[in-house]
Every structure is written in C-alpha cells, then in structure tokens.
Amino acid sequence: MVKSFTKEEFGVHSDILWLPDTFGYSGQLPQIMQICDIKYFLSQKLSWNLTNTFPHHTFIWKGIDQSRVLAHFPPGDTYESELKIKDVLKTVSNNKDKGRTHDQMLLFGHGDGGGGPTPEMIDRLDRISSVPGMPRIVRSTPEKFFAAVESSSNMLCEWWGELYFELHRGTYTTHAKIKESNRVAEFWMTDIEFLSSLDLNNLISCSKIEEMWKTVLFNQFHDILPGSSIEQVFIDAMEDYTILLKLYNEEWERIRDVVMPDSKSFVVNPYNWSRRQVITMNDEEEALIEVPGTYIGSVSLVTPVANASVFVLEDGICLCNNLIKAVFSLEGRLKSLIHKPTQRECLEAGSMGNRFVIFDDVPCFGMLGM
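Things to note about the sheet that holds strand 11 (residues 316-320)
Read across the open sheet, the five strands follow the order 10-11-12-13-14; overall the sheet is antiparallel. Either end of the sheet is taken by a strand with one partner, and the two such strands are strand 10 (309-313) and strand 14 (344-345). As paired strands, strand 10 and strand 11 are joined by five bridges and run antiparallel to one another. Following the sheet pairing, Val312 is matched in strand 11 by Ile317.

Printed below as a string of structure tokens:
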C-alpha cells in the first residue's frame, strides 16, 4: 500500500524499506521485501541496544529463507543529526565496516516529530564541506547512496535472521488486547480479500477494503501495536477496531451476496491450513466439520470421538486426551504436563506450572518502562 501511495502521490517507485524507529525486525522481513520488489533496508534503532553492540553498519541482511537485501545503519546512530562537527566525525570514526565500503549515510534535520532541516543546518553543511581535513560530504538521495554501496558490496558481511532490539522489553506482551485485535483484524482482511478474489466479473468495488486496510496498518504504527504509547492512543485504537468489525460484517455480507448468492450450501476456509471446528447450521443446529485449507465447497460433517477424560486423584485432578496428560493440585497448580506421543514431561522436576510472577517495571532512563 505504501508503494502505491508513493507512486500515486510522487510518481516514484520506492525500493527502500525505511524503518528508523521500530523495535526490532523479524527474520522474515528480507523475504517479504523481495516479494514486494524492495532491495534496500535502513534503520538506526539497534544503536540503542542496551547489552550488545551490533557489529555492522553496512551489511547483507539474510532472511530465514536465504533472501538477501542490502542493509545500512547510519554510523552516526541517529536519524536527526544537527550536522555539527561532532556528528560528522562520529559518522566516520564509528563506522564498523571500514575497508568494506567507503560510503556512509548521515541523516539530518528535526525528526521524530517533524520539522526537517533548518537553514542553520544547511549553512553548517556548506561550511563543513569546505573545511580542510574534514570528511567529504555530498548531498545525495537514498537511492544514489544504496546504488553506490551496492556496486562495491562483494566484501560486506552477512547477518542471518532476526535483528533483535535489546532495549524496549515487553513489547511482545504489553497491551495484549491491542495485539489480539490487530491479529483478528488481519484475519478479517484475509477473509474479505479471499472472498472478493472470486469476483471474476469485477462487480465489487475495492475502495472500502482499501480504507479498512489503512485502519489496520495505521494501528500497526510502532507505538500503538507494541503497547508503548499513552492511554488515549489505545482507547482510540480499540474504537477503530470496533468500527472495523462493523465494516467487516457489512463487507463480508455484501461480497458474499455477489460471489456466492447460495452461500448456505457452502463452507469457506480462506486460510492455508485445514480447520476442524464446530459451526452453526440452519441458524440453530451445531455440527462438527473438517475442511482443507483455501477451500470453498460443501460441508463435510465429522462424527465427534470422545477422547478426553477426567480423573479425581487423592491430591488433585488429572485431565487427559490423546495428546496430553495434565495433573493439577487441589489448589489448581499445574504439577505435571506430559506429551503422550513422546512421553515427554514438559515441567522440570519439583516445579509448578501456571504460576503468576510479578516484576517491578523500572524504566531504564526514567521514561522507557514498558
């Protein structure tokens, strides 16, 4: 969607993923970038690492499927330099890939809130460029920078897999309701896009679907989805998801009536995995069905097989099915969890599961507690 925006608004095709302020990067990202015809990646966030210093500034980032993209972390460790002499010198001295590449990027201007370069910064740039002994500075574009680096990238080191950020802890769990709503919203969009793909006569307008996607993507902003923003932001986001659910139901019915007017005779599974679950048939009758992935067709009923049992023990309760055996104490503590096919005990000897553990949330720098 961003590539479409830059093409429509600016008439350019962007092949750079520019993410200076996101809290870590999945090892799947190079593969996704290649699918989207994006060749280059820029960030500076890992310069904030609390424990380990990331070993490169310019490198080949290799995804978990071996996809490769050219990555650059500006050695100045910022995306809002004021172009002072110390910023320029740090960009050169801090570069961890000297000898492998001769080019570094220095990002300047007021960022993280906007404003851009000031006249003073531009004047400073002109003055520094003419000072003997200072590094040579060339005003350029990201595209020209990456093209120059790529032409001599045969000596660059590789980093394979996730780019983990060692500072903003808890962003995988904080504000779990926001994270759940985001994932459910992604499922909603998958449902609608799968069903609309059956419209072979182009009878369905996609404008509403695009607006729904914009809401989903907006709430994936790096301070909303990670749970690192202020309270009002999350209140607004949950209101967005409530509206999105209403739109989803309306769109699903509208598209279904176009592509499947006799929809009560079919079951739809838009996902690429098989599903076995209980559904409601004829508005009241419940039935267990099993369907393959990416499936549209008639319903295949499944006869339920009772394979779960409960035993009362002297000191607790045992729950079993064909996959697991779980033993709970009389207080509700999980004492044992066995994977029956392998007979593997999942808990350490003498330990208990389902424990609630409370930690003090002490911010590192007075404001970054999450």
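Focus on the nonpolar core
Membership of the largest hydrophobic core comes to 20 residues, with the highest contact counts inside it found for Ile178, Ala185, Ile192, Met212, Tyr241, Leu244 and Ile255. Secondary structure elements with two or more residues in this core: helix 6 (176-196), helix 7 (207-218) and helix 8 (231-259). Tallying contributions element by element places helix 6 first for this core, with seven residues. Contact partners of Ala185, with chain neighbours within four places excluded, come to Val216, Tyr241 and Leu244.

Some points on the pattern of salt bridges
Under the criterion given, the structure shown has 17 salt bridges. Across the pair Asp21 and Lys45 runs a salt bridge, and its minimum N-O distance is 2.4 Å. Residue Asp21 is located in the loop between strand 1 (16-18) and helix 2 (29-35), and its partner Lys45 is located in the loop between strand 2 (40-42) and strand 3 (58-62); the two are separated by 24 residues in the primary sequence. The salt bridge involving Arg276 is made with Glu290; its shortest N-O contact spans 3.2 Å. Of this pair, Arg276 sits in strand 7 (residues 275-281) while Glu290 sits in strand 8 (residues 285-291), and the two are 14 residues apart along the sequence. Under the relative-accessibility criterion, Arg276 is labelled partly exposed at 46%. The exposure class of Glu290 is partly exposed, given its relative accessible area of 39%.

Details of the layout of surface pockets
The calculated volume of the largest pocket comes to roughly 1900 Å³. Around the largest pocket, the lining comprises 40 residues; the ones closest to its centre are Leu17, Leu19, Leu29, Leu217 and Gln220. Taken together, the elements giving at least two residues each to the lining of the largest pocket come down to helix 1 (2-10), strand 1, helix 2, helix 6 and helix 7. Across the lining of the largest pocket, the residue classes break down as 21 nonpolar, 12 polar and seven charged.

Topic: the pairing of strand 8
Looking at chain direction, strand 7 and strand 8 are connected through seven bridges and run antiparallel. Looking at strand 8, one finds that Val278 is bridged to Leu288. Between strand 7 and strand 8, which pair antiparallel and follow one another directly, the connecting turn spans three residues, one of which, Asn282, has a positive phi of 55°.

Side note on the side chain of Thr6
Turning to its location among the elements, Thr6 is positioned in helix 1. A relative accessible area of 13% places Thr6 in the buried class. When sequence neighbours within four positions are dropped, the list of residues in contact with Thr6 reads Gly11, Val12 and Ser14.

Let's talk about the state of the cysteines
Under the counting rule described, the total for this entry stands at zero disulfides. Cys36 forms no disulfide, and the closest cysteine sulfur to it belongs to Cys206, at a distance of 18 Å.

Some points on helix 4 (residues 119-129)
The complete set of buried residues in helix 4 reads Met121, Leu125 and Ile128. Projected down its long axis, helix 4 shows its buried positions confined to an angular sector of 75°, all on one face. Opposite its buried face, helix 4 presents the exposed residues Pro119 and Arg127, each directed more than 90 degrees away.

Considerations on the environment of Gly297
Tracing the sequence through the fold places Gly297 in strand 9 (residues 295-297). Taking the C-alpha atoms as reference, Gly297 lies 9.2 Å from Asn269; in sequence the two are 28 residues apart.

Brief notes about the sheet that holds strand 5 (residues 158-160)
Paired through backbone hydrogen bonds, the strands of a sheet run either parallel or antiparallel to each other. Read from one edge to the other, the open sheet built from five strands follows the order 1-2-4-3-5, with strand pairing classed as mixed. Two strands close off the open sheet at either side, each with one partner strand: strand 1 and strand 5. For this sheet, the mean angle separating the axes of adjacent strands, direction not counted, is 30°. Where strand 1 lies against strand 2, three bridges are found, and the strand directions are parallel. Bridge pairing links Leu17 to Phe41 in strand 2.

Topic: unusual backbone geometry
Its identity as a non-glycine residue notwithstanding, Asp77 has a phi of 60°, on the positive side. Along the chain, the position of Asp77 falls in the loop between strand 4 (68-72) and helix 3 (85-93). Phi at Leu83 takes a positive value of approximately 60°, unusual for a residue other than glycine. Relative accessible area serves as the criterion here: at 1%, Leu83 is assigned to the buried category.

Describing the packing of aromatic side chains
Taken as a whole and judged by the stated rule, the model has 16 aromatic pairs. Summarising the aromatic geometry, the rings of Phe5 and Phe10 are spaced 6.0 Å apart at their centres and angled 80° between planes, so their arrangement reads as edge-to-face. Under the relative-accessibility criterion, Phe10 is labelled exposed at 59%. Geometrically, the ring pair formed by Phe145 and Phe146 is edge-to-face, given 5.3 Å between the ring centres and 75° between the ring planes. Above the face of the Trp48 ring, Lys45 is positioned so that its terminal group lies 3.6 Å from the ring centre. Its end group placed over the ring of Phe187, Arg183 keeps NZ or CZ at 4.2 Å from the ring centre.

Definitions and cut-offs
- Residues numbered from 1 in each chain as written.
- Predicted model: local features only at pLDDT ≥ 70, side-chain atom pairs only at ≥ 80, totals over all residues.
- Heavy atoms only, no water.
- Pairing = 2+ DSSP bridges.
- Helix = DSSP H or I, 4+ residues; strand = E, 2+ residues; numbered from the N terminus.
- Core = buried A, V, L, I, M, F, W, Y, C linked by side-chain atoms within 4.5 Å.
- Buried < 20%, exposed > 50% of the residue type's maximum accessible area, 1.4 Å probe, protein only.
- Contact = heavy atoms within 4.5 Å.
- Salt bridge = Lys/Arg side-chain N within 4 Å of Asp/Glu carboxyl O.
- 1 Å grid on protein atoms, 1.4 Å probe; cavity = no way out; pocket = protein on both sides within 12 Å on 5 of 7 lines; lining within 4 Å.
- Points joined across faces, edges and corners; volume = space filled by probe spheres on them.
- Nonpolar A, V, L, I, M, F, W, Y, C, P; charged D, E, K, R; others polar.
- Disulfide = S-S within 2.5 Å.
- Arc of directions from axis to C-beta.
- Axes fitted to C-alpha atoms, helices over the stretch in contact; angles between N-to-C directions.
- Phe/Tyr/Trp six-rings, centres within 6.5 Å; stacked < 30°, edge-to-face > 60°.
- Lys NZ or Arg CZ within 6 Å of the ring centre and 35° of its normal.

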